[in-house]
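One letter stands for each residue in the lines below.
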Amino acid sequence: MKAARHAPAVTSLPIAPQDEVAHRVRRYALTMSIRIACFALMVLVQPYGWYTWVFAIAAAVLPYIAVVFANAGSDSTETQAESPLQQLEATTPDPVVPPEEPRIVTIRETREDLP
């Protein structure tokens, strides 16, 4: 006997490939921008001291970190599946109030009222 196959819920599907690539490119560009800033700070901050070495090490290590994070994909983000069977409780409707009787105004004209 075959097991019944259930269609996946839309909320449990992974991120679209285009969105994932765009996210990875943004993360890589941000990390490499920080690397460029470290290079600039390493050269421009005077007098040279221990922080120059910190900027140099950061500029040397950031490309590796950027590539690892860019290739990691969306494995680090968890997607929580929502049950399509879960239902929200409905609020109780307001009681229906019958409409009031409309007031009717009748205008009657006779020939005697005409000028």
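What you see is a predicted model; the values in this text were computed from it and never measured. (Residues numbered from 1 in each chain as written. Predicted model: local features only at pLDDT ≥ 70, side-chain atom pairs only at ≥ 80, totals over all residues. Heavy atoms only, no water.)

(A) Spotlight on the overall build of the protein. In terms of regular secondary structure, the protein is built from two helices and zero strands. Expressed as a percentage of its 115 residues, the buried residues of the protein come to 10%. Within the protein, contacts between residues at least 6 apart in sequence are counted, and of these 70% link residues at least 24 apart. Accessible surface computed for the protein: about 11200 Å², of which carbon and sulfur atoms make up 63%. (Helix = DSSP H or I, 4+ residues; strand = E, 2+ residues; numbered from the N terminus. Buried < 20%, exposed > 50% of the residue type's maximum accessible area, 1.4 Å probe, protein only. Contact = heavy atoms within 4.5 Å. Areas by Shrake-Rupley, 256 points an atom, 1.4 Å probe, with all protein chains shown as cover.)

(B) Representation of helix H1 (residues 17–44) in the model. An ideal rise of 1.5 Å per residue puts 40 Å on 28 residues; H1 measures up with 40 Å between its terminal C-alpha atoms. Of the residues making up H1, those classed as buried are Thr 31, Met 32, Cys 38 and Met 42. If you follow the buried residues of H1, they end up packed against helix H2 (50–72). (Expected span 1.5 Å × (residues − 1).)

(C) Spatial organisation of H2. The terminal C-alpha atoms of H2, which comprises 23 residues, lie 32 Å apart, in line with the 33 Å expected from a rise of 1.5 Å per residue. Taken as a whole, H2 carries its principal kink of about 35 degrees at Val 61; the proline Pro 63 stands between one and four residues after it. All buried positions along H2 are accounted for by Thr 52, Ala 59, Leu 62, Ala 66 and Ala 70. Packed against the buried residues of H2 are H1. (Bend = angle between axes of the 7 residues up to and from the residue.)

(D) Up close: a nonpolar patch on the surface. Among the surface-exposed residues, Trp 53, Ile 57, Val 61, Tyr 64, Ile 65, Val 68 and Phe 69 lie close enough to one another that they form a single nonpolar patch of about 740 Å² accessible area. Mapping Ile 65 onto the fold places it in helix H2. Of the residues examined, Ile 65 reaches a relative accessible area of 30% and is grouped as partly exposed. (Patch = residues over 30% accessible without salt bridge, like charges linked within 9 Å, V, L, I, M, F, W, Y side chains within 5 Å. Salt bridge = Lys/Arg side-chain N within 4 Å of Asp/Glu carboxyl O.)

(E) View of unusual backbone geometry. Residue Pro 47 follows Gln 46 across a cis peptide bond; omega there is -10 degrees. Considering the arrangement of structural elements, one finds Pro 47 in the loop between H1 and H2.

(F) Summary view of the environment of Val 67. Relative to the elements of secondary structure, Val 67 occurs in helix H2. Each C-alpha atom, one on Val 67 and one on Met 32, is 9.7 Å from the other, the two residues being 35 residues apart in sequence.

(G) Up close: the packing of aromatic side chains. If you walk through the whole model with that rule in mind, you get one aromatic pair. Between Trp 50 and Tyr 51, the aromatic rings sit 5.7 Å apart at their centres with planes inclined by 75 degrees, giving edge-to-face as the arrangement. (Phe/Tyr/Trp six-rings, centres within 6.5 Å; stacked < 30°, edge-to-face > 60°.)

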